[in-house]
Amino acid sequence: REAQRTQTVIDALTEQSNELILVINGESIIQFASEASETIFGYPPEQLKGRSMTDLMPERYRVVHNQSMARYLETNRQSISWRSVDFVGLHRAGHEIPVSVSFSEFEDEGELRFVGTIRDIEERWVRERERQEWLEFFQRIYQLTTNRELTFEEKLDHLLAAGSEHLNLPYGFLTRI
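Summary of the structure given here. This is a predicted model, so every value here is computed, not measured.

1. Some remarks on the environment of arginine 140
And then number 1: Checked against the element boundaries, arginine 140 lands in helix H5 (residues 122–145).
And then number 2: Judged by relative accessible area, which is 35%, arginine 140 ranks as partly exposed.
And then number 3: Here the alpha-carbon distance between arginine 140 and leucine 20, two residues 120 residues apart in the chain, equals 41 Å.

2. A short note on the nonpolar core
And then number 1: Core analysis: the largest hydrophobic core is formed by 21 residues, its most contacted members being Leu20, Leu22 and Phe41.
And then number 2: Among the secondary structure elements, those contributing two or more residues to this core are strand E1 (20–25), strand E2 (30–33), helix H2 (36–41), helix H4 (59–75), strand E4 (96–108) and strand E5 (111–120).
And then number 3: Discounting residues that sit within four places of it in the chain, leucine 22 has contacts with Ile30, Phe32, Ala33, Leu48, Met53, Leu56, Phe114, Val115, Gly116 and Ile118.

3. Considering the pairing of E1
And then number 1: Counted residue by residue, E1 has five buried out of six residues, so it is predominantly covered.
And then number 2: In this sheet, E5 lies alongside E1 in antiparallel orientation, the contact comprising six bridges. Across the sheet, residue leucine 22 finds its bridge partner in E5, namely glycine 116.
And then number 3: Taken together, the three bridges between E1 and E2 define a ladder with antiparallel strand orientation. For isoleucine 24, the partnering residue across the bridge sits in E2 and is isoleucine 30.

4. Side note on the packing of aromatic side chains
And then number 1: Counted by the stated rule, this structure contains five aromatic pairs.
And then number 2: A ring pair is formed by tyrosine 72 and phenylalanine 114, whose centres lie 5.9 Å apart and whose planes are at 70°; its orientation type is edge-to-face. With tyrosine 72 in helix H4 and phenylalanine 114 in strand E5, this pair connects stretches of sequence that are 42 residues apart. An identical accessibility class is assigned to tyrosine 72 and phenylalanine 114; each is buried.
And then number 3: Put simply, the rings of Trp134, Phe137 and Phe138 touch in pairs and so form one group of aromatic residues.

5. Here's the deal with empty space enclosed by the protein
And then number 1: Taken as a whole and judged by the stated rule, the model has one cavity of 30 Å³ or more.
And then number 2: By volume, the largest cavity is sized at about 40 Å³.
And then number 3: Lining the largest cavity, in full, are Leu22, Ile24, Met53, Phe103, Phe114, Val115 and Gly116.
And then number 4: Elements with a minimum of two residues in the lining of the largest cavity: E1 and E5.
And then number 5: Of the residues forming the lining of the largest cavity, the biggest block, three residues, is contributed by E5.
And then number 6: When grouped by side-chain class, the residues that make up the lining of the largest cavity number six nonpolar, one polar and no charged.

Rules used throughout
Residues numbered from 1 in each chain as written. Predicted model: local features only at pLDDT ≥ 70, side-chain atom pairs only at ≥ 80, totals over all residues. Heavy atoms only, no water. Helix = DSSP H or I, 4+ residues; strand = E, 2+ residues; numbered from the N terminus. Buried < 20%, exposed > 50% of the residue type's maximum accessible area, 1.4 Å probe, protein only. Core = buried A, V, L, I, M, F, W, Y, C linked by side-chain atoms within 4.5 Å. Contact = heavy atoms within 4.5 Å. Pairing = 2+ DSSP bridges. Phe/Tyr/Trp six-rings, centres within 6.5 Å; stacked < 30°, edge-to-face > 60°. 1 Å grid on protein atoms, 1.4 Å probe; cavity = no way out; pocket = protein on both sides within 12 Å on 5 of 7 lines; lining within 4 Å. Points joined across faces, edges and corners; volume = space filled by probe spheres on them. Nonpolar A, V, L, I, M, F, W, Y, C, P; charged D, E, K, R; others polar.

As far as function goes, none of this settles anything; it's purely spatial.
This is the structure:
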(Lines give C-alpha, C1' and ligand atoms only; values in the text may rest on other atoms or scores of the structure.)
Protein backbone atom coordinates (compact mmCIF):
# COMPACT_ATOMS: atom_id res chain seq x y z
CA ARG A 1 0.00 0.00 0.00
CA GLU A 2 2.86 2.40 0.87
CA ALA A 3 4.59 1.61 -2.43
CA GLN A 4 1.34 2.36 -4.30
CA ARG A 5 0.99 5.73 -2.52
CA THR A 6 4.58 6.61 -3.31
CA GLN A 7 4.05 5.70 -6.97
CA THR A 8 0.91 7.87 -7.07
CA VAL A 9 2.87 10.86 -5.74
CA ILE A 10 5.72 10.28 -8.21
CA ASP A 11 3.24 10.00 -11.10
CA ALA A 12 1.53 13.23 -10.06
CA LEU A 13 4.84 15.07 -9.80
CA THR A 14 6.11 13.94 -13.20
CA GLU A 15 2.77 14.56 -14.92
CA GLN A 16 2.11 18.01 -13.47
CA SER A 17 5.60 19.51 -13.44
CA ASN A 18 6.61 22.18 -15.95
CA GLU A 19 10.08 20.68 -15.86
CA LEU A 20 10.97 17.73 -18.02
CA ILE A 21 12.38 14.75 -16.19
CA LEU A 22 14.46 12.37 -18.29
CA VAL A 23 16.11 9.13 -17.26
CA ILE A 24 18.86 7.87 -19.54
CA ASN A 25 21.24 4.95 -19.40
CA GLY A 26 25.02 5.00 -19.88
CA GLU A 27 24.61 5.00 -23.67
CA SER A 28 22.43 8.14 -23.46
CA ILE A 29 19.30 6.22 -24.42
CA ILE A 30 16.14 7.69 -22.93
CA GLN A 31 14.47 5.25 -20.55
CA PHE A 32 11.79 7.64 -19.23
CA ALA A 33 10.43 11.07 -20.18
CA SER A 34 7.83 13.02 -18.23
CA GLU A 35 4.81 14.79 -19.71
CA ALA A 36 6.67 18.12 -20.03
CA SER A 37 8.63 16.66 -22.96
CA GLU A 38 5.83 17.67 -25.28
CA THR A 39 5.63 21.23 -23.95
CA ILE A 40 9.39 21.82 -24.06
CA PHE A 41 10.63 19.75 -27.00
CA GLY A 42 7.44 18.93 -28.91
CA TYR A 43 7.71 15.16 -28.37
CA PRO A 44 5.17 13.13 -26.43
CA PRO A 45 6.97 11.04 -23.76
CA GLU A 46 6.29 7.74 -25.53
CA GLN A 47 8.10 9.00 -28.65
CA LEU A 48 11.27 9.76 -26.68
CA LYS A 49 11.62 6.42 -24.93
CA GLY A 50 14.34 4.40 -26.68
CA ARG A 51 15.77 7.42 -28.53
CA SER A 52 19.16 8.95 -27.94
CA MET A 53 19.36 11.95 -25.65
CA THR A 54 21.41 13.63 -28.39
CA ASP A 55 18.25 13.85 -30.52
CA LEU A 56 17.28 16.73 -28.21
CA MET A 57 20.54 18.59 -28.93
CA PRO A 58 21.72 20.64 -31.89
CA GLU A 59 24.22 18.70 -34.01
CA ARG A 60 27.19 20.80 -32.82
CA TYR A 61 26.80 19.50 -29.23
CA ARG A 62 26.32 15.80 -29.88
CA VAL A 63 29.95 14.73 -30.20
CA VAL A 64 30.92 16.71 -27.09
CA HIS A 65 28.05 15.11 -25.14
CA ASN A 66 29.10 11.60 -26.21
CA GLN A 67 32.75 12.29 -25.36
CA SER A 68 31.83 13.74 -21.96
CA MET A 69 29.60 10.77 -21.17
CA ALA A 70 32.32 8.28 -22.15
CA ARG A 71 34.88 10.19 -20.08
CA TYR A 72 32.57 10.23 -17.06
CA LEU A 73 31.84 6.50 -17.31
CA GLU A 74 35.58 5.83 -17.49
CA THR A 75 36.86 8.27 -14.86
CA ASN A 76 33.78 9.13 -12.75
CA ARG A 77 34.77 12.81 -13.14
CA GLN A 78 32.31 15.44 -14.32
CA SER A 79 33.44 17.75 -17.11
CA ILE A 80 30.73 20.33 -16.26
CA SER A 81 28.71 21.20 -13.20
CA TRP A 82 25.68 18.96 -12.90
CA ARG A 83 23.88 21.38 -10.63
CA SER A 84 22.49 23.63 -13.35
CA VAL A 85 23.75 24.28 -16.85
CA ASP A 86 22.19 26.70 -19.31
CA PHE A 87 22.15 24.98 -22.65
CA VAL A 88 20.47 24.98 -26.04
CA GLY A 89 18.07 22.19 -26.92
CA LEU A 90 16.59 21.19 -30.25
CA HIS A 91 12.80 21.30 -30.59
CA ARG A 92 11.05 18.70 -32.72
CA ALA A 93 10.17 21.46 -35.22
CA GLY A 94 13.91 22.09 -35.75
CA HIS A 95 14.42 25.37 -33.89
CA GLU A 96 16.74 25.80 -30.93
CA ILE A 97 15.38 26.46 -27.47
CA PRO A 98 17.19 27.72 -24.36
CA VAL A 99 16.99 25.28 -21.46
CA SER A 100 18.52 24.82 -18.04
CA VAL A 101 19.61 21.25 -17.24
CA SER A 102 20.41 19.60 -13.90
CA PHE A 103 21.82 16.08 -13.65
CA SER A 104 22.19 13.35 -11.07
CA GLU A 105 22.87 9.64 -11.20
CA PHE A 106 21.59 6.52 -9.51
CA GLU A 107 21.98 2.79 -9.81
CA ASP A 108 19.07 0.60 -10.90
CA GLU A 109 19.55 -3.16 -10.63
CA GLY A 110 23.30 -2.75 -11.06
CA GLU A 111 23.03 -0.41 -14.04
CA LEU A 112 24.03 3.23 -13.87
CA ARG A 113 21.27 5.67 -14.82
CA PHE A 114 21.19 9.43 -15.11
CA VAL A 115 18.33 11.78 -14.31
CA GLY A 116 18.09 15.08 -16.09
CA THR A 117 15.71 17.83 -15.05
CA ILE A 118 15.20 20.26 -17.92
CA ARG A 119 13.50 23.64 -17.69
CA ASP A 120 12.54 25.98 -20.54
CA ILE A 121 14.30 29.30 -19.84
CA GLU A 122 13.31 31.25 -22.94
CA GLU A 123 11.54 33.96 -20.90
CA ARG A 124 14.68 34.47 -18.82
CA TRP A 125 16.83 34.73 -21.96
CA VAL A 126 14.42 37.25 -23.49
CA ARG A 127 14.55 39.40 -20.33
CA GLU A 128 18.35 39.19 -20.27
CA ARG A 129 18.59 40.14 -23.93
CA GLU A 130 16.27 43.14 -23.34
CA ARG A 131 18.31 44.18 -20.31
CA GLN A 132 21.49 43.98 -22.39
CA GLU A 133 19.93 46.07 -25.18
CA TRP A 134 18.94 48.79 -22.69
CA LEU A 135 22.40 48.74 -21.15
CA GLU A 136 24.00 49.19 -24.58
CA PHE A 137 21.53 52.01 -25.34
CA PHE A 138 22.40 53.87 -22.15
CA GLN A 139 26.11 53.42 -22.81
CA ARG A 140 25.60 54.87 -26.30
CA ILE A 141 23.73 57.86 -24.86
CA TYR A 142 26.44 58.41 -22.28
CA GLN A 143 29.12 58.37 -24.99
CA LEU A 144 27.13 60.89 -27.03
CA THR A 145 26.59 63.27 -24.12
CA THR A 146 30.24 63.19 -23.06
CA ASN A 147 31.65 63.65 -26.57
CA ARG A 148 33.43 67.02 -26.43
CA GLU A 149 33.79 67.21 -30.20
CA LEU A 150 30.04 67.57 -30.75
CA THR A 151 28.09 70.77 -30.29
CA PHE A 152 24.97 70.79 -28.14
CA GLU A 153 22.77 70.76 -31.25
CA GLU A 154 24.70 67.80 -32.74
CA LYS A 155 24.43 65.89 -29.46
CA LEU A 156 20.72 66.58 -29.36
CA ASP A 157 20.24 65.38 -32.96
CA HIS A 158 22.21 62.18 -32.24
CA LEU A 159 20.32 61.56 -28.99
CA LEU A 160 16.93 61.99 -30.63
CA ALA A 161 17.96 59.67 -33.47
CA ALA A 162 19.30 57.07 -31.01
CA GLY A 163 16.11 57.24 -28.93
CA SER A 164 13.88 56.95 -31.99
CA GLU A 165 15.88 53.97 -33.24
CA HIS A 166 15.93 52.17 -29.88
CA LEU A 167 12.23 52.75 -29.24
CA ASN A 168 11.38 51.92 -32.86
CA LEU A 169 9.65 55.24 -33.42
CA PRO A 170 9.56 57.12 -36.75
CA TYR A 171 10.89 60.33 -35.20
CA GLY A 172 11.90 62.00 -31.97
CA PHE A 173 11.38 65.53 -30.80
CA LEU A 174 12.26 67.82 -27.96
CA THR A 175 9.83 70.26 -26.49
CA ARG A 176 10.44 73.05 -24.06
CA ILE A 177 7.80 73.64 -21.45
